[in-house]
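Here is what each chain is made of, one letter per residue.
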Amino acid sequence: MRDRLLAAEKVKAIDWRDGALFLLDQRLLPASETWLRYTDAAGVAEAIRSMVVRGAPAIGIAAAYGVALSAARRLEAGGDWHAAVSADMALLAASRPTAVNLFWALNRMRERLARLRSGESPVAALEAEAADIHESDREANLTMAQLGVDMIRKHQGNVQALLTHCNTGALATGGFGTALGVIRGAWIEGMIERVYVDETRPWLQGSRLTAWELANEGIPVTLNADSAAAHIMKTKGITWVIVGADRITANGDVANKIGTYQLAVNAMHHGVRFMVVAPSSTIDMSLATGDDIPIEERAGSELLEVGGVRFGADVEAFNPVFDVTPADLIDVIVTEKGVVERPDTAKMSQLMCRKRLH
């Protein structure tokens, strides 16, 4: 299956070449495929904040390359470059608060900087570390795709249809995708007939990005309004809801794109299994439960405007970007280290103690 997954890799959103970071501007998809070039950490931080790049793994990868850019710029400028790089890391860390992959990647870059040997080039070392984070995520995607497909096969074999939320594909990661990677794998294995995609208000990641990725690969996809999900579960033979995650706590609670929690509640009511797919870098064992996760809120104008044109009434708008799905609504969490069925604190701790997949 791995060879077929590799052959299906057609989309990428992050590229590093000639000492610069290139990001596919996801705000413009699918109308325009525009790549933007970044040469400093401030630019990368703004790209993360403004949603040029999004998806927890992709944000972490972009931030890692941002640190490498910082080192190159600060060394060239002279002075206390260590302090300047630290300030750039703080700027990157402040770009978005919920996705823990961002902080995980920055910590890895910070630790690599601390391990510099005498005479070693900081720029080369940090570039190599960022590239390793990027490649490791790609490998993790492939492993999770296989494990997720195995879970579907274990519980139900072939299924008629799946439902997903937001975008968890190649655009959100360094490779094949997390939840969408599992869906791609299930399609390659001939296990599904159709994928239903929530449009994912207000940024429309489902309609603009996920539907675009699936359609480009010839996978049958039907777009629906977020509020149609329960009706679809009841009438369209959905057997799995498969989503990604931006942070998973020690007890298995999951923060993901707003609307995920209600999907899990509806899935339980309708007897539909609920799968979360995310790399282990998404798991934050320092937080006991989802109540401890900082939830990003963005400007209300995102709800009241489309393409910069206001259509909503002149009222206050509440725009949380994420919600938290309790562990007791989740059937399985899939990571590159293995899977956890019916997650709880003991099972999550056991998973994170693994050095590699068993």
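Residues numbered from 1 in each chain as written. Predicted model: local features only at pLDDT ≥ 70, side-chain atom pairs only at ≥ 80, totals over all residues. Heavy atoms only, no water.

1. Observations regarding the environment of Y261
Basically, it comes down to this: Only DSSP runs of H or I covering at least 4 residues are called helices, and only runs of E covering at least 2 are called strands; the numbering of each starts at the N terminus. Relative accessibility thresholds used throughout: buried, under 20% of the residue-type maximum; exposed, over 50%; partly exposed, between the two (1.4 Å probe, protein chains only).
Take Y261: it is sitting in helix α10 (residues 260–270). For Y261, a relative accessible area of 39% corresponds to the partly exposed category. Here the alpha-carbon distance between Y261 and V324, two residues 63 residues apart in the chain, equals 6.1 Å.

2. Things to note about the packing of aromatic side chains
How we decide: Each Phe, Tyr or Trp ring (for Trp, its six-membered ring) is paired with any other whose centre lies within 6.5 Å, and the angle between the two planes then decides the class: stacked below 30 degrees, edge-to-face above 60, tilted in between. Only lysine NZ and arginine CZ atoms are considered, and such an atom sits over a ring when it is within 6 Å of the ring centre and within 35 degrees of the ring normal.
In this structure the tally under the stated criterion is 1 aromatic pair. In this arrangement the basic side chain of R17 is found over the ring face of F22, its NZ or CZ atom lying 3.7 Å from the centre. Between the NZ or CZ atom of K257 and the centre of the ring of F322, over which it lies, the distance is 4.9 Å.

3. Overview of the UniProt feature "binding site: substrate" (unreviewed entry) in the protein
Put simply, the rule is: UniProt positions are given in the numbering used here, feature names are shortened, and annotations may be inferred rather than shown by experiment. Any two residues whose heavy atoms approach within 4.5 Å are treated as being in contact.
As annotated by UniProt and renumbered to match this structure, "binding site: substrate" (unreviewed entry) occupies R54, G55, A56, R96, Q205, N256 and K257. Topologically, R54 is positioned in the loop between α2 (41–49) and α3 (56–77). In this structure, R54 is in contact with Q26, I59, R96, C166, N167, L171, A172, Q205 and L209, ignoring residues within four places of it in sequence.

4. Details of the UniProt feature "active site" (unreviewed entry) in the protein
Summarizing the sequence annotation, UniProt attributes the feature "active site" (unreviewed entry) to D246 in the numbering used throughout. With respect to the helices, strands and loops of the structure, D246 is situated in the loop between β7 (238–243) and β8 (247–249). Excluding residues within four positions of it along the chain, D246 makes contact with A56, T98, A99, V100, N101, A255, N256, K257, T282 and F322.

5. Here we look at the packing of α3 against helix α5 (residues 100–114)
Operational definition: In this description, a line fitted to the C-alpha atoms serves as the axis of each element, helices being fitted only across the stretch in contact, and the angle between N-to-C directions of two axes falls anywhere from 0 to 180 degrees. Just so you know how the angles are binned, under 35 degrees is roughly parallel, over 145 roughly antiparallel, 65 to 115 roughly perpendicular, and the rest oblique. Helix crossings get a hand from a simple test, with the near helix turned counterclockwise from the far one by less than a right angle marking a left-handed crossing and a clockwise turn marking a right-handed one. Classification used: nonpolar for Ala, Val, Leu, Ile, Met, Phe, Trp, Tyr, Cys and Pro, charged for Asp, Glu, Lys and Arg, polar for all others including Gly.
Remark: α3 packs on α5, axes separated minimally by 7 Å, with the N-to-C direction vectors making an angle of 30 degrees. When the axis of α3 is compared with that of α5, the two are roughly parallel. Viewed along their axes, α3 and α5 form a crossing whose handedness is right-handed. In contact with A56, P57, I59, G60, A63, A64, V67 and A68 of α3, α5 contributes N101, L102, A105, L106 and M109. When its residues are assigned to classes, the contact of α3 with α5 shows 11 nonpolar, 2 polar and no charged.

6. A closer look at α5
Operational definition: Helix span, as expected, comes to 1.5 Å for every residue beyond the first.
With 15 residues, α5 extends 21 Å from end C-alpha to end C-alpha; this agrees with the ideal 21 Å at 1.5 Å per step. For α5, every residue scored as buried is listed here: V100, N101, L102, A105, L106, R108, M109, R112 and L113.

7. Describing the side chain of N167
Basically, it comes down to this: The definition of a polar contact used here is a pair of N or O atoms within 3.5 Å, where within protein one atom must be able to donate a hydrogen and the other to accept one, and adjacent residues in sequence count solely through side-chain atom pairs.
With respect to the helices and strands, the residue N167 is situated in the loop between β4 (161–164) and α7 (179–188). Within the structure, N167 has its side chain in polar contact with the side chain of T210 (distance 3.1 Å). If we skip the residues at most four places from it in the chain, N167 touches R54, A172, L180, Q205, L209, T210 and E213.

8. Observations regarding the sheet that holds strand β1 (residues 14–17)
The test is simple: When DSSP finds two or more bridges between a pair of strands, those strands are recorded as paired.
Here we have 3 strands laid out as an open sheet, ordered β1-β2-β3, and antiparallel in their pairing. Each edge of the open sheet is held by one strand with a lone partner, namely β1 and β3 (35–38). Averaged over all adjacent pairs, the angle separating strand axes in this sheet is 25 degrees, with direction ignored. Looking at chain direction, β1 and strand β2 (residues 20–24) are connected through 4 bridges and run antiparallel. Bridging across to β2, D15 finds its partner in F22.

9. Remarks on the nonpolar core
In plain terms, the rule: Throughout, nonpolar core names a set of buried Ala, Val, Leu, Ile, Met, Phe, Trp, Tyr and Cys residues whose side chains join them through atoms within 4.5 Å.
Counting residues in hydrophobic clusters, the biggest one holds 43 residues, and the most contacted among them are L21 and L23. For this core, the secondary-structure elements that each account for two or more residues are β2, α2, α3, α4 (81–93), α5, α6 (122–155) and α8 (205–216). Per-element accounting of this core gives the leading share, 11 residues, to α3. With residues up to four places along the chain from it excluded, the contact list for L23 reads A13, I14, T34, W35, L36, Y38, A47, V52, V53 and A62. In this structure, A161, I248, F274 and M348 belong to the second largest nonpolar core, which totals 26 residues.

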